[in-house]
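Architecture at a glance
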Amino acid sequence: MSEPIIEFDNVTFRYQSDTESEVLEAAVKNLSLKIYEGEFVAVLGHNGSGKSTLAKLANGLLLPESGKVLVDSMDTACEQDDIKIKQTVGVVFQNPDNQIVSTIVEEDVAFGPENLGIEPSEIRRRVDESLKIVGMYNYRKHEPHKLSGGQKQRVAIAGIIAMEPRCIVLDEPTAMLDPVGRRDVMAAIKRLNSELGITVVYITHYMEEACEADRIVVMDDASVIMDGTPREIFSDTEKIRSIGLDVPQTCRLAQMLRQSSIELENDLLSIDELVNGIDKLLKG
Amino acid sequence: MSHIKTENLTYTYSAGTPFKITALDNVNIDIEKGELVAVIGHTGSGKSTLVQHLNGLLKPSSGRVLLDGEDIWSSKEKVRSTRFRVGLCFQYPEYQLFESTVYKDIAFGPSNMGLSEAEIDERVRRAAKYVGIPDEMLGKSPFDLSGGEKRRVAIAGVISMEPEVLILDEPTSGLDPAGREQILAILKNYRKMTGNTVIVVSHSMDDVARFATKVIVMNDSRVEDSGTVDEVYENSAHLSEIGLSVPQVTEVFIKLKKLGYPVSEKIYTVEQGYSELMRLFSERGLLK
């Protein structure tokens, strides 16, 4: 396998308390994880499990207390590589309103590349391309604050893509969106991965979204407790539920049926797979 | 008997300018006392604008809002009293916490109602109990709490006013599954203990199926449909056209039915799905 684009090597991180005497629990504890180029990895975990901290550690927005984070073999703690690291791994956050800086969509997308000192003609090209990929090109002259949440979030993603990162980390980008907004954002992200080959680390609460990934990493209590394909992860319904997460309804239904001695296969994930599984049994 | 009701409610933003937008267009809803109502619809369908009318936060451009049969805008006193009787909790209410302690934050509403100290104290503790905030947390700064805890404190701040109608705008958004369950339990519990009306704006068709006694579907500034979960979810194809999606398990049964199996399509929760399939397997003698 190729070299990892992000490598967490035994990383521990804790936030500072306001009162100096109090030492907070580690938000990430002895965490090791490798993300490879071209992967689409979903990260699941309940609130407070350390997912967002992981996102901020991934490109040096936070630095580990111990252990190392390597981005394309560069240590995020090494200041002189800082700009290169942030160009390699871009982060998109949950609330689109906190990420928009300009009053016109295309200016907002241009903000990143402008700060990298890129030539105007190249910026123009990147802005147009990025907006097309997320399906917001027709809105390039609009005012961002008048867009819907899903549209704003796609503009924020375009702003990251315009910096041409090799990896993009998204921290619950759809948590504040409605089903349509979620679908559009998810479609844009899948295109980044499949068409541009950008590595995607996708932090989410939505199990249906996690099913779309190649690989799922489950976090609990500041570390990684499960790592596998969606099929592998969701076949262990009980473990997932025991840490306060849910599995897709299809998996839960299949699990309940299996417990009543109905011999369904173990890895039915999509609606069609479950329907076919049931159909097969009924036909005998 | 009707508890809260709108009559031809219409609301336009930026009226008289070229940016005029009709956010509500002739909306008629009628909610009875003690119901647990879900308002669903995609972003921009008018859900939030609708609920902001119910406690007099927005004034109708035309039409009326009636609480116990009386127009809430009939007098100044009436509007003021409505704001105490109908409690509205915004989306992401944790951003509105502002006091130095959890206790003071929850007490803010009741303090403005002219209650005695003793009564305020009683209400704060009762509200904290409803949302599962333990006594020892009351002295803490709300900013030191986790996201889920902050959300519950903010909801307690509305519950402490003990509103006859409790309205929450997307109370579970951004929470993990365990956090969502907790919030839903609070709502059900508040309704059960007080017999009051609860209205919840939601995107999650899965959640709605499990708690609502009545569903109101908003689309393009109008009420598209309303009724029980069964009545509304029946038309799943239409719901997905207007940007909503029926639960996965419902789709499983729609597909099984298409394959010719004698199953009900009115299956909205995993538990219902399980019973329905067990019935089918048992009828075919496939159970061991």
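Residues numbered from 1 in each chain as written. Chains lettered and ligands numbered in written order. Predicted model: local features only at pLDDT ≥ 70, side-chain atom pairs only at ≥ 80, totals over all residues.

Attention now moves to the overall build of chain B. Within chain B one finds 11 helices and 11 strands. Computed over C-alpha atoms, the radius of gyration of chain B comes to 21 Å, within 12% of the 19 Å expected from 2.2 N^0.38 for 288 residues, which places it in the range of a compact globule. A principal-axis box enclosing the C-alpha atoms of chain B has dimensions of 65 × 50 × 35 Å. The buried share of chain B, taken over its 288 residues, is 45%. (Helix = DSSP H or I, 4+ residues; strand = E, 2+ residues; numbered from the N terminus. Rg over C-alpha atoms; globule rule 2.2 N^0.38 Å. Buried ≥ 20, exposed ≤ 12 C-beta atoms within 10 Å, placed from the backbone.)

To continue, consider the overall build of chain A. Per the secondary structure count, chain A includes 11 helices and 10 strands. For 284 residues, the compact-globule formula gives about 19 Å, and the C-alpha radius of gyration of chain A, at 20 Å, lands near that figure. Along the longest, intermediate and shortest principal axes, the C-alpha atoms of chain A span 65 × 50 × 40 Å. Looking at the 284 residues of chain A, the share that counts as buried comes to 48%. Within chain A, contacts between residues separated by at least 24 positions form 65% of all contacts whose residues are at least 6 apart in sequence. (Contact = placed C-beta atoms within 7 Å.)

This paragraph deals with the interface of chain B and chain A. Chain B puts 35 residues into the contact, and the matching count from chain A is 32 residues. The set of elements that each furnish at least two residues to the side of chain B that touches chain A consists of helix H5 (147–159), helix H6 (177–194), helix H10 (248–258) and helix H11 (270–283) of chain B. Taken together, the residues of the side of chain B that touches chain A break down into 16 nonpolar, 14 polar and 5 charged. (Nonpolar A, V, L, I, M, F, W, Y, C, P; charged D, E, K, R; others polar.)

Another aspect to go through is the pairing of strand E7 (residues 167–171) of chain A. All names here are of chain A. Here E7 lies mainly inside the structure; 5 of its 5 residues are buried. Side-chain alternation along E7 places Cys167, Val169 and Asp171 on one buried face and Ile168 and Leu170 on a second face that is also buried. Relative to E7, strand E6 (residues 89–92) is paired through 4 bridges, and the arrangement is parallel. Across the sheet, the residue bridging to Val92 is Leu170, located in E7. The pairing of E7 with strand E8 (residues 199–203) spans 5 bridges and is classified as parallel. Counted as the bridge partner of Leu170 is Tyr202 from E8. Following the backbone out of E7, through helix H6 (residues 179–196) and into the adjacent parallel E8, one traces a crossover that is right-handed. (Pairing = 2+ DSSP bridges. Right-handed = clockwise from strand over helix to strand, strands pointing away.)

Let's shift gears to the domain arrangement of chain B. All names here are of chain B. Once the domains are mapped, chain B shows domain 1 (2–246) and domain 2 (247–288). Put simply, the middle of domain 1 and the middle of domain 2, counted by C-alpha atoms, are 34 Å apart. Counting residues per element, the ones that place at least two in the side of domain 1 that touches domain 2 are helix H7 (205–211) and helix H8 (229–233). With 4 residues, the single largest contributor to the side of domain 1 that touches domain 2 is H7. The class makeup of the residues in the side of domain 1 that touches domain 2 is 5 nonpolar, 1 polar and 4 charged. (Domains from an automatic or database assignment.)

Nonpolar side chains tend toward joint burial in soluble globular proteins. Among the nonpolar cores identified, the biggest contains 159 residues, and Val43, Ala58 and Tyr202 of chain A together with Val39, Ala156 and Ile167 of chain B are the most heavily contacted of them. Summarising the domain contributions, this core has at least three residues from each of domain 1 (2–246) and domain 2 (247–288) of chain B. Contacts of Val43 of chain A, omitting those with residues within four sequence positions, involve Lys51, Leu54, Val201, Tyr202, Ile203, Val217 and Met219 of chain A. (Core = buried A, V, L, I, M, F, W, Y, C linked by C-beta atoms within 7 Å.)

Right, let's get into the environment of Thr22 of chain B. All names here are of chain B. If you trace the backbone, Thr22 turns up in strand E2 (residues 21–27). Spatially, the C-alpha atom of Thr22 lies 36 Å from that of Asn189, the residues being 167 residues apart in sequence. Setting aside residues up to four positions removed in sequence, Thr22 forms contacts with Thr12 and Ser221.

With that settled, consider the packing of helix H5 (residues 149–161) of chain A against H6 of chain A. All names here are of chain A. Contact geometry for H5 and H6: axes closest at 8 Å, N-to-C directions at 20°. One element, H5, and the other, H6, form an angle in the roughly parallel class. In the packing of H5 onto H6, the handedness of the crossing is right-handed. In contact with Gly149, Gly150, Gln153, Arg154, Ile157 and Ile161 of H5, H6 contributes Val180, Gly181, Asp184, Val185, Ala188 and Leu192. Its residues placed into classes, the contact of H5 with H6 shows 6 nonpolar, 4 polar and 2 charged. (Axes fitted to C-alpha atoms, helices over the stretch in contact; angles between N-to-C directions. Parallel < 35°, antiparallel > 145°, perpendicular 65-115°, else oblique. Left-handed = near helix turned anticlockwise from the far one by under 90°.)

Residue and element names in this part refer to chain A. Within the secondary structure layout, Ile225 lies in strand E10 (residues 223–228). Judged by C-beta crowding, with 13 C-beta atoms within 10 Å, Ile225 ranks as partly exposed. C-alpha separation for the pair Ile225 and Asp279, spaced 54 residues apart in sequence, amounts to 35 Å.

For the rest of this paragraph, the subject is the sheet that holds E7 of chain A. Strand-to-strand pairing in sheets goes through backbone hydrogen bonds, with the strands running parallel or antiparallel. All names here are of chain A. Strand order in this open sheet of 6 strands is E6-E7-E8-E3-E9-E10, and the pairing throughout is mixed. Here the strands that pair on one side only, and so sit at the sheet edges, are E6 and E10. If you compare each strand with its neighbour and ignore which way they point, the axes differ by 20° on average. This element, helix H1 (residues 51–58), spans strand E3 (40–44), E6, E7, E8 and strand E9 (215–220) of the sheet and lies at about 150° to E7.

What follows covers the confidence of the model for chain B. Residue-level pLDDT values for chain B average 92, and 100% of them are 70 or greater. The complex model carries a pTM of 0.81, and its ipTM stands at 0.74. (pLDDT = per-residue confidence, 0-100.)

The next thing to look at is the sheet that holds strand E8 (residues 165–169) of chain B. Residues and elements named next belong to chain B. Here 6 strands make up an open sheet; going across it, the order is E7-E8-E9-E4-E10-E11 and the pairing mixed. Two strands lie at the open edges of the sheet, namely strand E7 (86–89) and strand E11 (222–227), each paired on one side alone. Ignoring which end each strand starts from, the neighbouring axes of this sheet average 15° apart. Relative to strand E9 (residues 197–202), E8 runs parallel, the two being bridged by 5 bridges. Bridge pairing in E9 links Asp169 to Val201. Those strands touched by H5 are E7 and E8, and its axis lies near 165° from that of E7.

Now for unusual backbone geometry. For Glu172 of chain A, which is not a glycine, the phi torsion comes out positive at approximately 45°. Mapped onto the fold, Glu172 of chain A is located in the loop between E7 and H6. Even without a glycine there, the phi angle at Asp68 of chain B is positive, about 50°. Relative to the assigned elements, Asp68 of chain B resides in the loop between strand E5 (62–67) and strand E6 (70–71).

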